[in-house]
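As a plain string of letters, each chain reads:
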Amino acid sequence: MGNKTPLYDHHQKAGAKIVDFAGWDMPLHYGSQLEEHNHVRQNAGVFDVSHMTIVDVVGEQSKDFLRYLLANDVAKLKEPGKAIYSCMLNESGGVIDDLITYYLAPNRYRLIVNSATREKDLAWIEKQSARFDVKFTPRTDQSILAVQGPNAIEKVRSIFSNGVYERICSLKPFEVMEYDDACVARTGYTGEDGIEAMLPSEVAKDAWDKLLAAGVKPCGLGARDTLRLEAGMNLYGTDMDETTSPLESNLGWTVAWEPAERDFIGRAALTAQKAKTTQRMVGLVLSERGVLRNHLKVIIPGVGEGEITSGSFSPTLQQAIALARVPTDIGEHCFVDIRGKQVPAKVVKPPFVRKGQSVL
Amino acid sequence: MTSPSPNHLKYTASHEWANEESADIVTIGITEHAQSLLGDVVFVELPEVGKNVAAGEGVAVIESVKAAADVYAPVSGEVVEVNDALTSTPELVNSSPYENGWLCKLKMENKEELDKLMLAEAYDAGL
């Protein structure tokens, strides 16, 4: 028996197929992953992502600490109510985890880190925070619901008071607002409009019921994975880990090199790697019918080989797509070894889909 | 548990079914149980007509959003027809595993192989 989120009984009631995910009993789908995927692209779906870890970072030096801990620079968040995506690196520039930092108030930030990396993340944060005046607290009292899709904002009206709802409507992407003991951000992992709401667990259960009653479809980890892949978003542990740097993971854009005097963990290693990176991450689209899968070999005649890190069938494009780590000079075409057959694929820059539409 | 598997078919432990169409022709496919485990099917790799397969050998590959699964020939024989409809509508394997979602037809070499397959009751008991 694994860990269960406070919404576990709600998933069972909705007909979820439950699977183990990093020690958590989580819904894989509620009947059809494809239908859930399409519903998010066309209407709205809700995901229980309460298995993820919320960590509040509070104290006089919380900003200084996060500027040292993270490869992106939280000083870019000029005022409370804004969020930033970043990698947390080790000394050799490998990715310990990727996370979102929400700037809630002066000297008060919130991180959401992955569930599979919870223990090592907390240990790392504790170790690195020793010389800073900060306190960090995992928030196990809260559940997280992601409501995503073109109709998500309209559909969440039923779960908030009018005043709160108005404030949510005025949020721009990557902005966040707090009310009572809750926090709502215009962020997500699908490439669609929507919110991620961190709510006291009892409030979250009630919100779940109201959302389903409003026609929002419950969606499992299966659809979450194909949606994020279409959106060109990396999955930690699959697309990058401690042995790969952001530069090799299509995450160079999340590394804040300026100001040059900011010291962050991994900076020296990344700087050394910058001039001589031999691998990068690209998108692949299979030209023929078939499905790309994780770990399939990518062959670039005359250049070398690479590997698919995340591959699947794209329900929106009706084609197989993948993220792959390949030699930097891959060019525009390659082959993927599928059961011994070399199948041609096109090299593209992720994302594949944004706001329900192909961007290829 | 789902409803019992159709009585007129024969089954393998690896979740294929075979239907005796005539003296030496069998149609094969995968069971309701197999399709539900696989989830949404998005691609079916069918064999070439004329290919010879031995019982237990891979004859097709079914890819769902989740995984790729080999389909093993329940009996030995030559592929004489494939279900071309699966090229454009692979989801027939989900919606109609015993009828419109059939995979291919084999010309049997040895009818005794068919007789050795499981009856519906035995197959269902093993699920």
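In case you missed it, the structure is sitting above this.
These remarks concern the structure in this document.

Conventions we followed
- Residues numbered from 1 in each chain as written.
- Chains lettered and ligands numbered in written order.
- Predicted model: local features only at pLDDT ≥ 70, side-chain atom pairs only at ≥ 80, totals over all residues.
- Heavy atoms only, no water.
- Helix = DSSP H or I, 4+ residues; strand = E, 2+ residues; numbered from the N terminus.
- Rg over C-alpha atoms; globule rule 2.2 N^0.38 Å.
- Polar contact = N/O pair within 3.5 Å; in protein donor to acceptor, adjacent residues only side chain to side chain.
- Contact = heavy atoms within 4.5 Å.
- Buried area = accessible area lost by both parts, 1.4 Å probe.
- Salt bridge = Lys/Arg side-chain N within 4 Å of Asp/Glu carboxyl O.
- Nonpolar A, V, L, I, M, F, W, Y, C, P; charged D, E, K, R; others polar.
- Pairing = 2+ DSSP bridges.
- Phe/Tyr/Trp six-rings, centres within 6.5 Å; stacked < 30°, edge-to-face > 60°.
- Lys NZ or Arg CZ within 6 Å of the ring centre and 35° of its normal.
- Buried < 20%, exposed > 50% of the residue type's maximum accessible area, 1.4 Å probe, protein only.
- Lys, Arg positive; Asp, Glu negative; His and termini not counted.
- Core = buried A, V, L, I, M, F, W, Y, C linked by side-chain atoms within 4.5 Å.
- Axes fitted to C-alpha atoms, helices over the stretch in contact; angles between N-to-C directions.
- Parallel < 35°, antiparallel > 145°, perpendicular 65-115°, else oblique.
- Left-handed = near helix turned anticlockwise from the far one by under 90°.

Considerations on the overall build of chain B
Within chain B, the secondary structure is distributed over five helices and nine strands. N-terminal to C-terminal, the α/β element order of chain B is β-β-β-α-β-β-β-β-β-α-α-β-α-α. Here the C-alpha radius of gyration of chain B, 13 Å, is about what a compact globule of 127 residues would show, namely 14 Å. In terms of overall dimensions, chain B has a C-alpha envelope of 35 × 35 × 20 Å along the principal axes.

Some thoughts on the side chain of S5 of chain B
Tracing the backbone through its elements, the reader meets S5 of chain B in the segment before strand 1 (10-11). For S5 of chain B, the side chain forms a polar contact with the side chain of D124 of chain B, separated by 2.6 Å.

Some details on the interface of chain B and chain A
Contacts between the two partners involve 14 residues from chain B and, on the opposite side, 13 residues from chain A. Interface area, chain B with chain A, both sides summed: about 1,300 Å², of which 48% is carbon and sulfur. The interface formed by chain B and chain A contains three salt bridges. The salt bridge involving R339 of chain A is made with E63 of chain B; its shortest N-O contact spans 3.0 Å. Taken together, chain B and chain A are joined by eleven residue pairs in polar contact (both at pLDDT 80 or more). When contributions to the side of chain B that touches chain A are tallied by element, the ones reaching two or more residues are strand 4 (41-45), strand 6 (58-64) and helix 2 (85-88) of chain B. When its residues are assigned to classes, the side of chain B that touches chain A shows eight nonpolar, two polar and four charged.

Considering the pairing of strand 8 (residues 77-82) of chain B
The side chains of a regular strand alternate, residue by residue, between the two faces of the sheet. Residues and elements named next belong to chain B. Relative to strand 8, strand 5 (residues 52-53) runs antiparallel, the two being bridged by two bridges. By the bridge assignment, N52 is partnered in strand 8 with E78. As paired strands, strand 8 and strand 9 (residues 104-108) are joined by five bridges and run antiparallel to one another. In the strand pairing of strand 9, E78 is matched with K107.

Comments concerning the packing of aromatic side chains
What characterises a pair of aromatic rings is the spacing of the ring centres plus the angle enclosed by the ring planes. What the rule picks out here adds up to eight aromatic pairs over all chains. Grouped by ring-pair contacts, the aromatic residues F65, Y68 and F132 of chain A constitute a single cluster. Over the aromatic face of W102 of chain B sits the side chain of K105 of chain B, whose NZ or CZ is 5.2 Å from the ring centroid.

Focus on the pattern of salt bridges
Inspection of every chain in the model, using the stated rule, returns 26 salt bridges over all chains. As a salt-bridge pair, R228 of chain A and D225 of chain A come within 2.9 Å of each other at their nearest N and O atoms. Of this pair, R228 of chain A and D225 of chain A are both found in helix 8 (residues 221-230), three residues apart, which corresponds to roughly one turn of the helix. Residue class for R228 of chain A comes out buried when judged on its relative accessible area of 1%. Between K105 of chain B and E81 of chain B there is a salt bridge, with the nearest N and O atoms lying 3.9 Å from each other. Of this pair, K105 of chain B sits in strand 9 while E81 of chain B sits in strand 8, placing them 24 residues apart in sequence. K105 of chain B gets classed as buried once you look at its relative accessible area, which sits at 19%.

Examining the sheet that holds strand 1 of chain B
All names here are of chain B. Judged by pairing direction, the sheet is antiparallel, and its six strands sit side by side in the order 1-2-3-9-8-5 without closing on themselves. This sheet does not close on itself; its edge strands, each paired only once, are strand 1 and strand 5. Bridge analysis of strand 3 (residues 25-30) against strand 9 gives four bridges, and the strand direction is antiparallel. Bridging from a neighbouring strand, V26 pairs with L106 of strand 9.

Focus: the side chain of D40 of chain B
Among the structural elements, D40 of chain B can be located in the loop between helix 1 (32-38) and strand 4. For the buried D40 of chain B, no salt bridge exists, and the shortest N-O distance to an oppositely charged side chain is 8.2 Å, to K66 of chain B. Here the side chain of D40 of chain B touches S32 of chain A through a polar contact of 3.0 Å, side chain to side chain. Not counting the four nearest positions on each side in its chain, D40 of chain B is found in contact with S32, Q33 and L34 of chain A together with E63, S64, V65 and N94 of chain B.

Details of the pairing of strand 19 (residues 341-348) of chain A
Residues and elements named next belong to chain A. Here strand 14 (residues 279-286) pairs with strand 19 via four bridges, running antiparallel. Following the sheet pairing, V285 is matched in strand 19 by K346. In terms of strand pairing, strand 18 (residues 333-338) meets strand 19 through six bridges, oriented antiparallel. Pairing of I338 across the sheet is with K341, part of strand 19. In this antiparallel pair of consecutive strands, strand 18 and strand 19, the connection spans two residues, and R339 shows a positive phi of 50°.

Side note on the nonpolar core
Inside soluble globular proteins, nonpolar side chains tend to come together where they are buried. Residue and element names in this part refer to chain A. Counting 32 residues, the largest nonpolar core has F47, L89, Y102, I112, I144, M198 and L270 as the members making the most contacts within it. Where this core is concerned, the elements lending two or more residues are strand 5 (82-89), strand 6 (95-105), strand 9 (142-148), strand 11 (182-185) and helix 8. In this view, M198 contacts I54, Y102, R110, I112, Q142, S143, I144, D181, A182 and C183; residues no more than four positions away in its chain are not counted.

Concerning the packing of helix 2 (residues 33-42) of chain A against helix 8 of chain A
Residue and element names in this part refer to chain A. Taken N-terminus to C-terminus, the directions of helix 2 and helix 8 make an angle of 50°; their axes are 8 Å apart at the nearest point. Taken as axis vectors, helix 2 and helix 8 run oblique relative to one another. Considering the relative orientation of helix 2 and helix 8, their crossing is right-handed. Where helix 2 approaches helix 8, its residues Q33, E36, H37, V40 and R41 are matched on the opposing element by G222, A223, T226, L227 and E230. Considering only residue class, the contact of helix 2 with helix 8 consists of three nonpolar, four polar and three charged.

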